[in-house]
Amino acid sequence: MISKFNRRKFIQKAMVGASIPALNPIFSGISTSRIKDYSDDEIPFLSAIEVAGLIRDKKISSFDLTSIILSRIKKFDREINAFNIVLEEEAIKRAREADVALTRGENWGPLHGVPIDIKDSFSIKGVITTAGNPSLSNYFPENDATGVARLRSAGAVIIGNTNVPYMLDDHQSFNEIYGRTNNPWNLERTPGGSTGGGAAALAAGFSYLCIGSDTAGSIRVPANFCGVFGHKPTVDLVSKKGQIPPMPARQALAGEPGGSPYISNGLSVAGPLARSAGDLKLLLEICGGPDQPDALAYSWKLPKERKTDPKEYKIRYVTDDRLCPVSSEIKPVIESAIAAFKQEGLSLTQGWPENINAEEQFINYLYLLHAHMSGGVSDEEIEFLRIQAESEDDTLSRIRARAYTYPHKYFRIWDSNRLRAREKWQEFFKEYDAFIMPMTFVPAFPHISKPWFPNNPDPSKKRTLATPEGERDYDDILFWLSFATLTGLPATVFPIGLTKSGLPVGLQIIGPFLEDATPIFIAGKLSEILGGIRFPEKYK
């Protein structure tokens, strides 16, 4: 395992203990303690939009803000382990340049001088990018991923990249290179995966925005477990070019790890994690739209939210389902939030849409998910799975085996069903504006001692999650996240409160196809009703 000293060697050069470097002389006389309405302890937990405004108004320099964030990482990240590589020298240089540019009247964009982090699967030019795969420990991308390049163009200061599971394939964030990331709310629990490091960094005050990816809840589950905001965009709205896709190690070595060109599988997306709904929308506007060569002919603009008054929205919701019962740890928090929304006068109707068969769509998702993962299965395993596909009693295992082994014509059938499922939801959205459901059936769970490894190829059969009602299958986490992924619909996760043991709970809002601003807007308004986002007291 690479030591923290080697990974963060740049920090050692410019930082002593947890002290903050001297103020940028360009902004002499300005200090964080003099920022009206904000204490020094509040600055790291503001939204990206708020700190961008402070920099633009010269109430704080990018240098000072970046220094504060780097100091916090040095002080606290030893126990959280959110970051893999901290780019201290590069970040300080970029922050100084941002300040100089501002004195000249130059504005780089809406994130001018704002420190952000990048999931360690999106290529950063010249920076080791691994997706948690030891075979990529010496991979230095020659170019930025499209999302990273667009964030740079918007003025962001990249602090470093954050931890993930091996090839992004787990709801924990652990790999043999960088070790385990812990949840800032409880270090004995997972921050989720695969964008676990990014979610933990936001919750602990180490970054103001993160770009992540989501095929099996990899944005939404970590946001839920760490108590921050996350958005799974409409499929293919944000380019994933330059991200290392979930392919097996032998393919990663044979081809270009960043996947050029990136081939859409109809499920996977790139998108934002943040501390506010407004920040989600901002990152989406920065990173959304077609990549080259499509951008030669096509352009994109985010449609406005459907309505400006939350009381005018028609919303349906479910808080539970027999197919994946919600644990008693989080159910009271969800029910309390729904009650608060109704008390505020929101139009909420309980129950699944009449034309939606939840079980059918969940199975459809599982088939397509595992079909896309079949490239990593050896020929020997395929032969074993052919037998399992017909003999396995467990429905989920049988679906997985069939997805790996059935002829391509069956994939075409399931993929057509995916588009029909989207049409059914779009029919629903002609009358209703959004649909609310749980994000997971449990809060952040304790670290499991045997996470996913290449030499442990199918741990999902062996792992369970404890609940007050008994042991549950690990793959049950896939249920609530499956509907938005299958259909390519946008889905926003926002925090709604804490369990009795102090763990975050969130809700998921699914919106109409390509109307990403609508679920983001609703999430922001519902969060305000509940008092806004909270942060772990230990790191405030």
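Just so it is clear, the model here is predicted, and its values are computed rather than measured.

Peer 1: When you look at the confidence of the model for the protein in this model, what are you seeing that I'm missing?
Peer 2: Low pLDDT means the predicted atomic positions in that stretch should not be read closely. Mean pLDDT over the protein works out to 89, with 87% of the residues at or above the 70 mark. Throughout residues 1-6 the model reports pLDDT below 50, and contacts reaching past four residues in sequence, or to other chains, amount to 11 contacts. Scored below 50 in pLDDT, residues 453-457 shows nine contacts in the model against residues more than four places distant or in partner chains.

Peer 1: Help me out: how do you make sense of the sheet that holds strand E1 (residues 83-86) in this one?
Peer 2: Backbone hydrogen bonds hold the strands of a sheet together, and the pairing may be parallel or antiparallel. Here 11 strands make up an open sheet; going across it, the order is E1-E3-E2-E6-E8-E7-E14-E15-E11-E9-E10 and the pairing mixed. Edge positions in the open sheet fall to E1 and strand E10 (347-350), since each of these has one partner strand only. Strand after strand, the sheet turns through a mean of 30° between neighbouring axes, direction not considered. Along the sheet, helix H10 (residues 277-287) contacts strand E6 (210-214), strand E7 (229-232), strand E8 (269-274) and strand E14 (491-498); its crossing angle with E8, the most-contacted strand, is approximately 145°.

Peer 1: Any chance you could explain the pairing of strand E11 (residues 434-438) here in plain terms?
Peer 2: On a regular strand, each side chain points to the face opposite its neighbour's, so the side chains alternate between the two faces of the sheet. Here E11 lies mainly inside the structure; five of its five residues are buried. Two strands pair when backbone bridges link them, and strand E9 (residues 314-317) and E11 are joined in this way by three bridges, in the parallel orientation. Pairing of Arg316 across the sheet is with Phe435, part of E11. With four bridges joining them, E11 and strand E15 (residues 504-510) adopt antiparallel strand pairing. Bridge pairing links Phe435 to Ile510 in E15.

Peer 1: Help me out: how do you make sense of helix H4 (residues 62-80) in this one?
Peer 2: For the α-helix, the turn length of 3.6 residues means that residues three or four positions removed from each other point alike. Lys74 marks the point of greatest bend in H4, at about 40°. With respect to burial, H4 is a largely interior element, 16 of its 19 residues being buried.

Peer 1: Looking at this structure, I do not really get helix H12 (residues 358-373). What am I missing?
Peer 2: Between its first and last C-alpha atoms H12 spans 23 Å; for 16 residues at 1.5 Å apiece the expected length is 22 Å, and the two agree. For H12, the buried fraction is high: 12 of the 16 residues fall into the buried class. When we look at burial in H12, the residues that qualify are Ala358, Gln361, Phe362, Ile363, Asn364, Tyr365, Leu366, Tyr367, Leu368, Leu369, His370 and Ala371.

Peer 1: For this particular structure, what's the right way to read the nonpolar core?
Peer 2: In a soluble, globular protein the nonpolar side chains are often hidden away together inside. Counting 147 residues, the largest nonpolar core has Leu111, Leu151 and Trp352 as the members making the most contacts within it. By residue number, the principal contributor to this core is H12, which donates nine residues. If we ignore the near neighbours within four places in the chain, the residues touching Trp352 are Arg316, Val318, Asp321, Ala358, Trp425, Phe435, Met437, Trp480 and Phe483.

Peer 1: Help me understand the pairing of strand E13 (residues 470-473), please; the structure alone is not making it clear to me.
Peer 2: Where strand E12 (residues 464-467) lies against E13, four bridges are found, and the strand directions are antiparallel. Bridge assignment links Thr464 to a residue of E13, and that residue is Asp473.

Peer 1: Before we go on, may I ask you to explain a negative patch on the surface in this structure?
Peer 2: On the surface, a cluster of negative charge is contributed by Asp37, Asp40, Asp41 and Glu42. Following the sequence through the fold, Asp41 ends up in the loop between helix H2 (9-14) and helix H3 (48-56).

Peer 1: What is the right way to look at the environment of Ser336 in this model?
Peer 2: Locating Ser336 in the fold gives a position in helix H11 (residues 331-343). Ser336 sits 160 residues away from Ile496 along the chain, and the two C-alpha atoms are 9.1 Å apart.

About the thresholds
Residues numbered from 1 in each chain as written. Predicted model: local features only at pLDDT ≥ 70, side-chain atom pairs only at ≥ 80, totals over all residues. Heavy atoms only, no water. pLDDT = per-residue confidence, 0-100. Contact = heavy atoms within 4.5 Å. Pairing = 2+ DSSP bridges. Helix = DSSP H or I, 4+ residues; strand = E, 2+ residues; numbered from the N terminus. Axes fitted to C-alpha atoms, helices over the stretch in contact; angles between N-to-C directions. Buried < 20%, exposed > 50% of the residue type's maximum accessible area, 1.4 Å probe, protein only. Bend = angle between axes of the 7 residues up to and from the residue. Expected span 1.5 Å × (residues − 1). Core = buried A, V, L, I, M, F, W, Y, C linked by side-chain atoms within 4.5 Å. Patch = residues over 30% accessible without salt bridge, like charges linked within 9 Å, V, L, I, M, F, W, Y side chains within 5 Å. Areas by Shrake-Rupley, 256 points an atom, 1.4 Å probe, with all protein chains shown as cover. Salt bridge = Lys/Arg side-chain N within 4 Å of Asp/Glu carboxyl O. Lys, Arg positive; Asp, Glu negative; His and termini not counted. Charge placed at Lys NZ, Arg CZ, Asp CG, Glu CD.

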